[in-house]
Amino acid sequence: MARGFRLSSELVAGVVVGALIGWGFDRLLSTSPFGLIVFFLLGFAAGVLNVIRSAGVAPDRTGR
Amino acid sequence: MIDPIEQFHIEKLFTIGRIGNQEIAFTNSSAYMLVSVALISLLMIGTGRRLVPGRLQSVAEISYEFVANTIRSSAGSEGMKFFPLVFSIFMFVCVSNMIGIIPYTFTISSHIIVTAALALLVFFTVLIYGFYKNGLKFFKLFVPSGIPIVILPLVVLIEIISFLSRPISHSVRLFANMLAGHITLKVFASFVTMLGAMGLIGWAGAVLPLGLTVALTALELLVAFLQAYVFTILTCIYINDAIHPGH
């Protein structure tokens with residue numbers, strides 16, 4: 001259970017932060033809905049990156 | 001059915017004062033925070049300084065060694081600068097989780113605002129110290145080496161989002177584990193009373209959830225310590241990024 005929470009919270013956190021940035025971007029620059037779309041996808045990528053890193057599959061940073 | 005959420009209710013004990021229109025209340029949550037801090041102080045200050053340590057002094061010394069080793073292994077000896085912060089976080093989370101296992105008590109870290117405050121404290125410590133120590137080189141954290149220039153902007157954006165999502169996953173992890181554990185415990189324990197009300201057959205059936213409750217309590221004890229440790233080790237990893245960005 002602990003491991004499941006760890007990985008899922010990483011993924012969700014990435015997506016949520018991406019969506020929030022996109023939403024704020026749209027509000028400030030009135031580019032709705034493109035900011036949300038782009039940053040949501042980027043957030044998803046960041047979430048997957050987080051999951052892979054915390055699962056220990058990939059090295060923490062490239063070149064380290 | 002017994003309400004499994006009821007244990008997380010925050011009750012106002014008395015009012016300390018007001019800031020503007022906002023009432024500053026002393027709640028049961030604050031009371032338990034105070035109790036954990038008092039217990040930690042008692043353990044660390046009140047257990048003596050003998051050369052041959054007694055039992056409680058050993059606990060204090062072991063916890064010091066444990067946190068110090070964690071910091072040294074994940075952030076290097078430079079990370080020992082942050083020992084007071086990391087040790088406070090570890091002891092606070094660990095002791096308050098342990099108190100939360102005792103029946104009829106309140107678990108502080110089952111409220112996301114508490115864990116979020118701790119995670120944000122770490123996050124801003126990393127940001128401020130990172131910029132103070134490394135200046136603009138801190139941005140190297142977002143630029144992994146050996147990436148073709150064509151996809152670099154994309155990777156940097158993803159790295160920035162990944163960095164910003166840290167306090168969220170950092171806080172949600174501890175909060176979700178404590179919340180889910182305590183709800184599971186309460187649900188299984190309420191099965192015992194519900195079956196017990198059904199007479200003799202119910203009594204026989206209640207043995208199973210009772211055994212599970214005992215087992216789950218042991219598991220929760222492990223989770224309480226483990227989550228405090230995970231919170232600490234993540235803190236160390238983030239602090240390591242502030243000390244050595246882009247290595």
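Our structure is the block above this text.
First, a word on scope: everything that follows refers to the structure included in this document.

Conventions adopted
- Residues numbered from 1 in each chain as written.
- Chains lettered and ligands numbered in written order.
- Predicted model: local features only at pLDDT ≥ 70, side-chain atom pairs only at ≥ 80, totals over all residues.
- Helix = DSSP H or I, 4+ residues; strand = E, 2+ residues; numbered from the N terminus.
- Buried ≥ 20, exposed ≤ 12 C-beta atoms within 10 Å, placed from the backbone.
- Contact = placed C-beta atoms within 7 Å.
- Pairing = 2+ DSSP bridges.
- Expected span 1.5 Å × (residues − 1).
- Arc of directions from axis to C-beta.

### Details of the overall build of chain A
Then, in step 1: If you tally the helices and strands in chain A, you get 2 helices and 0 strands.
Then, in step 2: Classification of the 64 residues of chain A by burial places 33% in the buried group.
Then, in step 3: Considering only contacts in chain A between residues 6 or more positions apart, those separated by 24 or more positions represent 56%.

### Examining the overall build of chain B
Then, in step 1: If you tally the helices and strands in chain B, you get 7 helices and 2 strands.
Then, in step 2: Its helices and strands in sequence order give chain B the pattern β-β-α-α-α-α-α-α-α, from N to C terminus.
Then, in step 3: Dimensions of chain B, computed from the C-alpha atoms along their principal axes, are close to 75 × 55 × 45 Å.
Then, in step 4: Taken over 247 residues, chain B has a buried fraction of 29%.
Then, in step 5: Relative to all contacts within chain B whose residues are 6 or more apart in sequence, the contacts with residues 24 or more apart total 65%.

### What to know about the pairing of strand β1 (residues 12–19) of chain B
Residue and element names in this part refer to chain B.
Then, in step 1: Counting buried positions along β1 yields 0 of 8 residues, so the element is predominantly exposed.
Then, in step 2: As paired elements, β1 and strand β2 (residues 22–27) share 6 bridges and run antiparallel to each other. Looking across to β2, one finds that F14 is bridged to F26.
Then, in step 3: The hairpin turn running from β1 into β2, its antiparallel successor, is 2 residues long, and G20 in that turn takes a positive phi close to 65°.

### Some words on the environment of L36 of chain A
Then, in step 1: Residue placement: L36 of chain A occurs in helix α2 (residues 34–54).
Then, in step 2: Sequence separation between L36 of chain A and F25 of chain A is 11 residues, and the spatial gap between their C-alpha atoms is 7.6 Å.

### Some thoughts on helix α2 (residues 55–75) of chain B
All names here are of chain B.
Then, in step 1: Taking 1.5 Å of rise per residue, 21 residues should cover 30 Å, and α2 covers 30 Å from first to last C-alpha, within 8% of that figure.
Then, in step 2: Here α2 has its buried residues at A60, V67, I71 and A75. The arc that holds the buried residues of α2, viewed along the axis, is 40°, so those residues lie on one side. Summarising the geometry of α2, the exposed residues directed more than 90 degrees from the buried face are R55, S58, I62, E65, N69 and S73.
Then, in step 3: Buried residues in α2 make contact with α1 (28–45), α3 (83–101) and α7 (200–243).
Then, in step 4: Trailing α2 by a residue or two, G76 shows a phi angle of about 80°, which is positive.

### What to know about unusual backbone geometry
Then, in step 1: Of note, the phi angle at Y104 of chain B is positive, near 70°, even though the residue is not glycine.
Then, in step 2: Relative to the helices and strands, Y104 of chain B resides in the loop between α3 and α4 (112–134).

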